[in-house]
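The lines below spell out each chain.
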Amino acid sequence: MERILIIGAAGQLGSELTFTLSQQYGGDNIIASDLNPKALEKFEYCKTAVLDIMDQDAVRKLVKDQNVKQIYHLAAVLSATGEKNPRFAWQLNMDSLLFVLELAMEFKMDKIYWPSSIAVFGPNTPKINTPQFCVKEPNTVYGISKQAGERWCEYYFQKFGVDVRSLRYPGLIGYKSLPGGGTTDYAVDIYHKAIAGEHFDCFLSAETALPMMYMPDAIKATLDLMHAPKESVKIRSSYNLAAISFTPEDIYQCIKTHHPDFTISYSPDFRQSIADSWPDSIDDTRAREDWGWNHEYDLKKMTEDILRNLPAYLV
Ligand code: NAD
């Protein structure tokens, strides 16, 4: 039996991706792994493993024993958290990717998925409709690690034939788990406050536009890319990917149509300068052309869906 290993499965993206992968392949073929044993308890429908990606012997043993043929490597230190301990962020993000790429070669794996981010872009990048190929110059350790990671992915594909695929996610918005320390986390927290009937103090300014995506679209994009024929995946660094672009004021006004008493204030902190260095919107033509990417959710549709479904997750 060939299995799929998800590393960092208990996080914001992994929690939902693991569920969909289990539906598609059957829970017995999916191994959800994470550092955090408590967080793995929610995966009743698939196999689980407590695993530190930095413990190379333990990861190699599991890959061998369980005949792992695909890895989704999601464990990373995110943008805002990375700035608090840059050397640790670099070490975890880089060493773990290189190790996974080496494992893919050693065990002749079918495919690897590794997410990049809009954090690869920097202050000198064109801000509107940011092209696939352009100046990057990221100025966070997270962005630097994602850009270097993209180069490594392309290198391992070209030199060693490792079938590694990647997307530059925008800010991901989901209601099924809490975000893990990114600069776009406000767009998740705001819904929690609105539903709790509380005031929301936003850590970005009212007019900060950022590219964002609702989680069901992110899961769909990830699996569309992974299921695409090898020859359709023409970009082996990482694909630009886009859905919605909005400001904190836009999302506030959208929520207010459902919760008229909801109030907001703005207190930009260190995350404002990270957000200012990122694009306002992304050109993802290549993803749409090469493997048929199409998003489904705009701001209004996403907001209606979250406000309808989040309360059940809070009880
Ligand atoms: P998250 O922080 O919510 O989840 C990461 C998970 O990795 C956590 O459950 C954590 O316990 C686990 N982890 C951390 N260190 C580990 C280690 N040493 N070994 C094993 N597991 C470890 O992150 P996320 O938001 O789910 O992001 C997943 C991936 O997607 C990351 O690579 C991130 O850079 C990328 N991404 C996320 C966003 C976003 O908006 N969430 C945007 C762009 C890219």
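Report follows, based on the coordinates.

Rules behind the numbers
- Residues numbered from 1 in each chain as written.
- Predicted model: local features only at pLDDT ≥ 70, side-chain atom pairs only at ≥ 80, totals over all residues.
- Heavy atoms only, no water.
- Axes fitted to C-alpha atoms, helices over the stretch in contact; angles between N-to-C directions.
- Helix = DSSP H or I, 4+ residues; strand = E, 2+ residues; numbered from the N terminus.
- Parallel < 35°, antiparallel > 145°, perpendicular 65-115°, else oblique.
- Left-handed = near helix turned anticlockwise from the far one by under 90°.
- Contact = heavy atoms within 4.5 Å.
- Nonpolar A, V, L, I, M, F, W, Y, C, P; charged D, E, K, R; others polar.
- Pairing = 2+ DSSP bridges.
- Patch = residues over 30% accessible without salt bridge, like charges linked within 9 Å, V, L, I, M, F, W, Y side chains within 5 Å.
- Areas by Shrake-Rupley, 256 points an atom, 1.4 Å probe, with all protein chains shown as cover.
- Salt bridge = Lys/Arg side-chain N within 4 Å of Asp/Glu carboxyl O.
- Buried < 20%, exposed > 50% of the residue type's maximum accessible area, 1.4 Å probe, protein only.

A few points about the packing of helix α6 (residues 186-196) against helix α8 (residues 248-256)
Relative orientation of the contacting elements α6 and α8 amounts to 25°, with a least axis distance of 11 Å. The orientation of α6 with respect to α8, classified from their angle, is roughly parallel. Regarding α6 and α8, the two cross each other, and that crossing is right-handed. Seen from α6, the contacting residues are Y186, A187, I190, Y191 and A194; seen from α8, they are P248, I251, Y252 and I255. Here the residues of the contact of α6 with α8 are counted per class, giving nine nonpolar, no polar and no charged.

Here we look at the sheet that holds strand β12 (residues 239-240)
Taking strand neighbours across the sheet as the criterion, the three strands line up as β6-β8-β12 in an open arrangement whose pairing is parallel. Among the strands making up the open sheet, the edge pair consists of β6 (116-117) and β12. Alignment of β6 against strand β8 (residues 167-169), held across two bridges, turns out to be parallel. Counterpart to S116 in the pairing with β8 is R168.

A look at the sheet that holds strand β7 (residues 164-165)
Pairing is parallel across the open sheet formed by six strands, whose spatial order is β3-β2-β1-β4-β5-β7. Edge positions in the sheet fall to β3 (47-50) and β7, since each has one partner strand and no second. Pairing of strand β4 (residues 68-73) with strand β5 (residues 111-113) involves three bridges; the strand directions are parallel. Residue Y72 lies in a different strand from β5, and its bridge partner there is Y113. Of the strands in this sheet, β1 (3-7), β4, β5 and β7 touch helix α4 (residues 86-106), which is tilted by about 165° from β4.

Description of a nonpolar patch on the surface
A cluster of nonpolar side chains, W152, Y155 and F160, forms an exposed patch at the surface whose accessible area comes to about 290 Å². Secondary-structure assignment places Y155 in helix α5 (residues 141-160).

Some thoughts on the pairing of strand β11 (residues 210-214)
Counting buried positions along β11 yields five of five residues, so the element is predominantly enclosed. Where strand β9 (residues 171-173) meets β11, three bridges bridge the pair, whose relative direction is parallel. Within β11, the position partnered with L172 by the bridge is M213. Sheet topology note: the β11/strand β13 (residues 244-246) ladder contains three bridges and is antiparallel. Its bridge partner being in β13, M212 is matched across the sheet by I244.

Read these as layout, nothing more, since geometry by itself doesn't imply function.
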